[in-house]
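# An overview of the molecular structure
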Amino acid sequence: MSQALPARAQVVIVGGGVIGCSIAYHLTKLGVKDVLLIEKDQLTAGTTWHAAGLITSAGYHDDTSLWMARYSRDLYSKLEAETGHSTGFRPVGHLSVATNPARFETLLRERDFQVGYGVPNEIISPREVSELFPLARVDDLIGASYVVDEGRADPVGVATSMAKGARMGGATIVEGISVTGFTRTGRRITGVTTNGGNVEADTVVLCAGLWTRQLARKAGIDVPLQAAEHYYLLTEPMEGVHRDLPSIEDLECYGYFREEGDGMLVGLFEPVAAPWHPKQAPEDFAFGTIPPNWDRMTPHLEKAMARIPSLSEAGIRTFFCGPESFTADVLPLLGPAPEVDGLFVAAGLNSVGILLGGGIGNVMASWIVDGICPVDIAAFSIERALPFENSLRFRTERTVEQLGVLFGDGSFPTFHQHTARGIRRSPLHETWEKAGAYFGVSAGWEFPEWFSPTGENPEVPWTWDRGHWTPWIASEHKTVRENVGVMDMTLMSKFLVQGPSAAIILDRLSANEVVGAIGRVVYTQWCNDRGGIDADLTVTRLGEEKFMVVVSDVTHRRVERMLL
Ligand SMILES: Cc1cc2nc3c(=O)[nH]c(=O)nc-3n(C[C@H](O)[C@H](O)[C@H](O)COP(=O)(O)OP(=O)(O)OC[C@H]3O[C@@H](n4cnc5c(N)ncnc54)[C@H](O)[C@@H]3O)c2cc1C
């Protein structure tokens, strides 16, 4: 039940999807009771209500994502005991199948990593896949990974169980009120404006799902995310389908499958996707669906359905399409907005908001309370996102490939995005091009990964193996070691820090002694209050009161914030 809008709260959370509910729940667990969650419609009305609810750590081989996925899984398995409200979590098991050696290598590496963290991930044979999932075609499989204690949950149950826990912990949840903007004093966001009056707050947290980009602009902040069409098909009941069937995904055909009402849910991550309302998402879209584009989707659907041959005989109940936010690198945008104080963001969930939601809420709550993130958040931090990613053109172009990238294309070390390229180029770009450069991309910068001696670059496969380019890299390395080479550092961010206080400020920020002789370059770290590394950089003294700070392109916004 919704409550009246208070005039003030310690923390105001904007958006009652899985992420907002999770942050509210975890804040109350840390003893912050004066939490107000404002939802413009009803809880889960944005994207959360129609998620497929897969709960899996498939694809995760970094400790932060894996921790978030496993924490979420564990939380959803026990939340009902605390709140009396079911999350619908059922550990039916999760299978990922591989049909070619490169995909299988990915599964092996993932298994090795995850086992080290206690995840019961095992590699199984095609015959074992068949035993677990008799409806699947297995004659073309090399093998599969199987995690027995993961599976599925009810996304609405997950969000509303956490909302109930938050209320039990003292939080207030108000539905049917829209946040329309922000109140501000200088750099500090001091609260929100709504269609029901203003609310003062020490901290505002934006979890407004696909609407976060447009809402954040009202605070002058770039949160580059873009909604895309996202599909699944529901069939009529099928023979051989039962509620304990594991979920199964096939990255090569961009499809995943699980039981739904004795029929099958066939989910799609088509490699050529469609952005949804890139100019402006409609504000009044709640519990909404998008009319499916059958012409565009039928080839993808047919390819995916080949994994479960009996699907071709099944009656179709619904072909569902709903919007979900994707980001430039398919990772969420989390943390304090660098350009203002008192504003946090948690959005851009790239179709994993349910399976990471518990962990994200936990991390965000600690970050809000302590001012320091409890895990290595570099890859998830809002600070890595740059304003050019927020342009209409960038979002429209990039989003097209992001569903496939998320579903596994992006897992290979040789992978580079092929959309929205050529945005930032070094002054030496043409020189590198003529020298046969193969370009990678980082923060929009095109940079040479290696040079082909013949001037031609054959196609680079997605692989974990050495490639035709490995000897070329070896020879370049040898040349630089034994002779002379030019390093193009254009892609690094550079800050000129100058003035009477420059030395004092840099000395205070740096762990190393950076105020030395003019011309000296010092490699150093800027640390947080707990000694964690916030930035890894060099400081060069150019003059008495003039320094150059050179830092990785992806920490530009963070370093700028630390300097101000
Ligand atoms: C077809 C499909 C299948 C999916 N399957 C899975 C899956 O299997 N597993 C998984 O983990 N994820 C899945 N997802 C993704 C998952 O649903 C999302 O990542 C997740 O729901 C995002 O949660 P959120 O809280 O960020 O956003 P939302 O759920 O959209 O919540 C944001 C809320 O903010 C509110 N809001 C917006 N603007 C304002 C404002 N100005 N004032 C107040 N309130 C506002 C909205 O009404 C909304 O309720 C799927 C998504 C789709 C589309």
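The present account deals with the structure reproduced in this document.

Conventions adopted
Residues numbered from 1 in each chain as written. Predicted model: local features only at pLDDT ≥ 70, side-chain atom pairs only at ≥ 80, totals over all residues. Heavy atoms only, no water. Pairing = 2+ DSSP bridges. Helix = DSSP H or I, 4+ residues; strand = E, 2+ residues; numbered from the N terminus. Axes fitted to C-alpha atoms, helices over the stretch in contact; angles between N-to-C directions. Parallel < 35°, antiparallel > 145°, perpendicular 65-115°, else oblique. Left-handed = near helix turned anticlockwise from the far one by under 90°. Contact = heavy atoms within 4.5 Å. Nonpolar A, V, L, I, M, F, W, Y, C, P; charged D, E, K, R; others polar. 1 Å grid on protein atoms, 1.4 Å probe; cavity = no way out; pocket = protein on both sides within 12 Å on 5 of 7 lines; lining within 4 Å. Points joined across faces, edges and corners; volume = space filled by probe spheres on them. Buried < 20%, exposed > 50% of the residue type's maximum accessible area, 1.4 Å probe, protein only. Polar contact = N/O pair within 3.5 Å; in protein donor to acceptor, adjacent residues only side chain to side chain. Near = heavy atom within 4 Å. Patch = residues over 30% accessible without salt bridge, like charges linked within 9 Å, V, L, I, M, F, W, Y side chains within 5 Å. Areas by Shrake-Rupley, 256 points an atom, 1.4 Å probe, with all protein chains shown as cover. Salt bridge = Lys/Arg side-chain N within 4 Å of Asp/Glu carboxyl O. Phe/Tyr/Trp six-rings, centres within 6.5 Å; stacked < 30°, edge-to-face > 60°.

### Remarks on the sheet that holds strand β5 (residues 121-124)
What the 8 strands build is an open sheet, ordered β5-β6-β4-β13-β14-β15-β12-β16; its pairing is mixed. Edge strands, defined here as strands with exactly one partner in the open sheet, are β5 and β16 (316-327). For this sheet, the mean inter-axis angle between neighbouring strands, taken without regard to orientation, is 20 degrees. Across 3 bridges, strand β13 (residues 247-250) lies against strand β14 (residues 255-260) in antiparallel orientation.

### Here's the deal with the packing of helix α1 (residues 18-29) against helix α5 (residues 155-168)
It is at 8 Å that the axes of α1 and α5 come closest, and there the two elements cross at 30 degrees. Judged by the angle between their axes, α1 and α5 are roughly parallel. α1 and α5 meet at a crossing whose hand is left-handed. Between α1 and α5, the contacting residues are V18, C21, S22, A24, Y25 and T28 on the first element and V158, A159, M162, A163, G165 and A166 on the second. Among the residues forming the contact of α1 with α5, the class breakdown is 9 nonpolar, 3 polar and no charged.

### Quick notes on empty space enclosed by the protein
Applying the stated rule across the entire model yields 3 cavities of 30 Å³ or more. In this structure, the largest cavity spans a volume of roughly 60 Å³. Taken together, P224, L225, Q226, F326, T327, A328, E389, F394, R395, R398, T399 and Q402 make up the lining of the largest cavity. Where the lining of the largest cavity is concerned, the elements lending two or more residues are β12 (225-235), β16 and α9 (392-406). Top element by residues in the lining of the largest cavity is α9. It accounts for 5 residues. The class makeup of the residues in the lining of the largest cavity is 5 nonpolar, 4 polar and 3 charged.

### So, unusual backbone geometry
The phi dihedral of T44 is positive, around 75 degrees, even though this residue is not glycine. Within the element layout of this structure, T44 appears in the loop between β2 (35-39) and β3 (54-55). On the basis of relative accessible area, T44 is assigned to the buried category, the value being 3%. In the Ramachandran plot, F287 falls in the positive-phi region, its phi being about 45 degrees despite a non-glycine side chain. Topologically, F287 is positioned in the loop between β15 (263-268) and α7 (294-305).

### Details of the environment of L496
Tracing the backbone through its elements, the reader meets L496 in strand β21 (residues 493-498). Separated by 45 residues in sequence, L496 and F451 have C-alpha atoms that sit 32 Å apart. Beyond its immediate stretch of four places on either side in the chain, L496 contacts L542, K546 and F547.

### A few points about the layout of surface pockets
Put simply, the second largest pocket is a space of about 420 Å³. Around the second largest pocket, the lining comprises 15 residues; the ones closest to its centre are F451, E476, V486, M487 and D488. Put simply, the parts of the chain that give the lining of the second largest pocket at least two residues each are β20 (445-451) and α11 (470-482). A class-by-class count of the residues in the lining of the second largest pocket yields 9 nonpolar, 3 polar and 3 charged.

### A short note on the environment of D536
Within the secondary structure layout, D536 lies in strand β23 (residues 533-543). Residues within four places of D536 in sequence aside, it is in contact with Y523, T524, Q525, V551 and S552. Here the side chain of D536 touches Y523 through a polar contact of 2.7 Å, side chain to side chain.

### Examining the site of the ligand
Around the ligand, the structure places 37 residues, and the nearest of them are E39, T48, L54, E324 and L355. The separation between an oxygen atom of the ligand and a polar side-chain atom of E324 is 2.6 Å. I354 is positioned with one of its backbone polar atoms (N or O) 2.8 Å from an oxygen atom of the ligand. For the shell around the ligand, the elements supplying multiple residues, two or more each, are α1, β2, β12, β16 and α8 (353-370). Split into classes, the residues belonging to the shell around the ligand amount to 20 nonpolar, 14 polar and 3 charged.

### Re a nonpolar patch on the surface
Together, V480, M487 and M489 make up a nonpolar patch on the protein surface, roughly 290 Å² of accessible area in all. Looking at the secondary structure, you find M489 in the loop between α11 and β21.

### Quick word on the sheet that holds strand β24 (residues 546-551)
Here we have 4 strands laid out as an open sheet, ordered β21-β24-β23-β22, and antiparallel in their pairing. Edge strands, defined here as strands with exactly one partner in the open sheet, are β21 and β22 (521-527). Pairs of neighbouring strands in the sheet enclose a mean axial angle of 30 degrees, with direction left out of account. As paired elements, β22 and β23 share 7 bridges and run antiparallel to each other. In the strand pairing of β23, V521 is matched with T540.

### Examining the packing of aromatic side chains
Applying the stated rule across the entire model yields 19 aromatic pairs. Summarising the aromatic geometry, the rings of W294 and F319 are spaced 4.6 Å apart at their centres and angled 45 degrees between planes, so their arrangement reads as tilted. On the criterion of sequence distance, the pair formed by W294 in helix α7 and F319 in strand β16 is long-range, its members being 25 residues apart. Among the residues examined, F319 registers a relative accessible area of 7% and is labelled buried.

### Structural notes on the pattern of salt bridges
For the structure shown, the criterion picks out 35 salt bridges. When the shortest N-O distance is used, the salt bridge between D149 and R70 registers 2.7 Å. One end of the pair, D149, is in the loop between β6 (143-147) and β7 (151-152); the other, R70, is in helix α2 (residues 63-83), and 79 residues separate them in sequence. The exposure classification of D149 matches that of R70, with both residues buried. With its nearest N and O atoms 2.8 Å apart, the salt bridge here joins E397 to R393. With a gap of 4 residues between them, E397 and R393 both fall in helix α9, about one helical turn apart. A relative accessible area of 63% means that R393 is categorised as exposed. The network of salt bridges with common partners includes R90, R152, D244, R258, E259 and E260.

Everything listed here is a matter of geometry and, on its own, says nothing about what the molecule does.
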